[in-house]
Amino acid sequence: MLNAVAKACERIDSPLSIHVEVDSGMHRTGLAPTEALNALRRIRDLENVRLEGLMTHLACADIPEEDAHTLRQLAQFEDVCDA
C-alpha cells in the first residue's frame, strides 16, 4: 500500500515523506523494534518514499521513580536508530 501511495506522489513530483514509530515499551502504538527494523529496510528500497522521522513514546519519562524503565526504552530506540 505504501508503494502505491508513493507512486501516486511520483505523479506530482513529490516524494512520500513518512514517520515510523518504534514501540519501545509503551505497547500502545508503533512497531516493535524488530518489526521496525524490517519495515525500515523495506522502506529504504522504495523509490519515492523518504523516511522523514523516527520516534518513540516514553511511557513514564516524567516519573523519576521509573528512570530505569525510561533508560531501557531509550536503549531500545537507540539500537533501532543505530541499525
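Residues numbered from 1 in each chain as written. Predicted model: local features only at pLDDT ≥ 70, side-chain atom pairs only at ≥ 80, totals over all residues. Heavy atoms only, no water.

Asks: Quick one: what's the story with the overall build of the protein chain, residue by residue and with numbers?
Replies: Along its length, the protein chain carries three helices and two strands. Order of helices (α) and strands (β) in the protein chain, N terminus to C terminus: α-β-α-β-α. Radius of gyration (C-alpha) of the protein chain: 15 Å, far over the 12 Å computed for a compact globule of 83 residues. In the protein chain, buried positions account for 25% of the 83 residues. Each charge sign in the protein chain was given a centre, from 8 positive and 15 negative side chains, and these centres are 10 Å apart. (Helix = DSSP H or I, 4+ residues; strand = E, 2+ residues; numbered from the N terminus. Rg over C-alpha atoms; globule rule 2.2 N^0.38 Å. Buried < 20%, exposed > 50% of the residue type's maximum accessible area, 1.4 Å probe, protein only. Lys, Arg positive; Asp, Glu negative; His and termini not counted. Charge placed at Lys NZ, Arg CZ, Asp CG, Glu CD.)

Asks: Go over the pairing of strand β2 (residues 49–56), please, and point to the residues and values.
Replies: As paired elements, strand β1 (residues 16–22) and β2 share seven bridges and run parallel to each other. The residue bridging V22 from the neighbouring strand is T56, located in β2. Taken together, β1, helix α2 (residues 33–44) and β2 constitute a β-α-β crossover, and its handedness is right-handed. (Pairing = 2+ DSSP bridges. Right-handed = clockwise from strand over helix to strand, strands pointing away.)

Asks: Tell me about α2, and name the residues and values.
Replies: Its 12 residues place the ends of α2 16 Å apart at the C-alpha level, agreeing with the 16 Å of an ideal helix rising 1.5 Å per residue. Of the positions making up α2, those classed as buried are A36, L40 and I43. One side of α2 carries all its buried residues, which in axial view fall inside an arc of 60°. Turned more than 90 degrees away from the buried face of α2, the exposed residues are T34 and R42. Elements in contact with the buried residues of α2: α1 (2–11), β1, β2 and α3 (67–82). (Expected span 1.5 Å × (residues − 1). Arc of directions from axis to C-beta. Contact = heavy atoms within 4.5 Å.)

Asks: Explain the environment of A8 residue by residue, including any values.
Replies: Mapped onto the fold, A8 is located in helix α1. Along the chain, A8 and N48 lie 40 residues apart, while their C-alpha atoms are 9.4 Å from each other.

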